Amino acid sequence: MVNNWFTEIGRFTLYALIFVVLMVMYGLLLQQIGIIPIGGKKAPTFVFLLFFQWWYISRFPQNHQGEKKHFLVYFVLQYLLILITALFSSLFLNYFFQTATGLQMLASYIQQSLLELNSFKEVIVSQEGGEYYNSLHAGIKSIDAYSIARDDFWQKIALGFLPNLLISLYYKK
């Protein structure tokens, strides 16, 4: 399949570290303009992951003496890249949201989300019922570092599938 797995794992690790640095820079930029970089605001970081998937596979023949691989090889290699990147980013997020700055940001996000939820309370209760509203309220209050990291990990795994498939098909042998 691949001649030197240590080299590939090294590339994956390098890309994952660069991804985390880009994610931090994006988060800092959002924070500087007054936006809490949690929730839907982290979605553009998936573009970074898409870029690294494409970059890795488009450079694969150059890094392996012009050798092209079968679709499934590219698919597996990209999922390893996604897995390692998701692991690094979720570990970083879990660590960050346990620090003083992260806890403060998380508290602000929870407060903002609860205010937004309360502004739609009447509509939610009338359409879905009070029990549903209470479960949403409890869900928001239960957000912590682990839940953010877990969601980030699984979102990267799930959202990486279609681009992985398309990139693998395009660059196959």
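It should be noted that the structure appears before, not after, this text.
Residues numbered from 1 in each chain as written. Predicted model: local features only at pLDDT ≥ 70, side-chain atom pairs only at ≥ 80, totals over all residues. Heavy atoms only, no water.

(A) Structural view of the overall build of the protein chain. Summing up its helical and strand segments, the protein chain has 8 helices and 0 strands in all. Each helix (α) and strand (β) of the protein chain, taken in turn from the N terminus, gives the series α-α-α-α-α-α-α-α. Against the compact-globule benchmark of 16 Å for 173 residues, the protein chain has a radius of gyration of 20 Å, which places it well outside the compact range. In the protein chain, buried positions account for 39% of the 173 residues. Partitioning the contacts of the protein chain with sequence separation of at least 6, the portion at a separation of at least 24 is 78%. Approximately 10,200 Å² of the protein chain is accessible, and the part contributed by carbon and sulfur atoms is 66%. (Helix = DSSP H or I, 4+ residues; strand = E, 2+ residues; numbered from the N terminus. Rg over C-alpha atoms; globule rule 2.2 N^0.38 Å. Buried < 20%, exposed > 50% of the residue type's maximum accessible area, 1.4 Å probe, protein only. Contact = heavy atoms within 4.5 Å. Areas by Shrake-Rupley, 256 points an atom, 1.4 Å probe, with all protein chains shown as cover.)

(B) Broad picture of the environment of Leu93. Relative to the assigned elements, Leu93 resides in helix H3 (residues 71-96). Judged by its relative accessible area of 10%, Leu93 falls in the buried class. For the pair Leu93 and Ala145, spaced 52 residues apart in sequence, the C-alpha separation works out to 6.9 Å. Beyond its immediate chain neighbours, meaning those up to four positions away, Leu93 contacts Met23, Ile148, Ala149 and Asp152.

(C) Broad picture of the packing of helix H5 (residues 121-128) against helix H6 (residues 130-141). Relative orientation of the contacting elements H5 and H6 amounts to 130°, with a least axis distance of 7 Å. As summarised for this structure, H5 and H6 are arranged oblique, according to the angle between their axes. Seen from H5, the contacting residues are Lys121, Ile124, Val125 and Glu128; seen from H6, they are Gly130, Tyr132, Tyr133 and Leu136. Tallied by class, residues from the contact of H5 with H6 come to 5 nonpolar, 1 polar and 2 charged. (Axes fitted to C-alpha atoms, helices over the stretch in contact; angles between N-to-C directions. Parallel < 35°, antiparallel > 145°, perpendicular 65-115°, else oblique. Nonpolar A, V, L, I, M, F, W, Y, C, P; charged D, E, K, R; others polar.)

(D) Here's a closer look at the pattern of salt bridges. Within this structure, the stated rule accounts for 2 salt bridges. With a shortest N-O distance of 3.9 Å, Arg150 and Asp151 are connected by a salt bridge. The partly exposed category is assigned to Arg150, whose relative accessible area is 34%. When its relative accessible area of 37% is taken as the criterion, Asp151 is described as partly exposed. Close ionic contact of Asp152 with Lys156 constitutes a salt bridge, the shortest N to O distance being 2.6 Å. Placement of both Asp152 and Lys156 in helix H7 (residues 145-159) is noted, with a separation of 4 residues, approximately one turn of the helix. Comparing Asp152 with Lys156, the two get one shared label, buried. (Salt bridge = Lys/Arg side-chain N within 4 Å of Asp/Glu carboxyl O.)

(E) Geometry of the nonpolar core. By size, the foremost hydrophobic cluster in this structure holds 38 residues, and its most contacted members are Ile38, Tyr56 and Phe97. Among the secondary structure elements, those contributing two or more residues to this core are helix H1 (5-32), helix H2 (45-63), H3, helix H4 (100-119), H6, H7 and helix H8 (161-171). For Phe97, the contacting residues outside a window of four places in its chain are Ile38, Gly102, Leu103, Met105, Leu106, Ala145 and Ile148. (Core = buried A, V, L, I, M, F, W, Y, C linked by side-chain atoms within 4.5 Å.)

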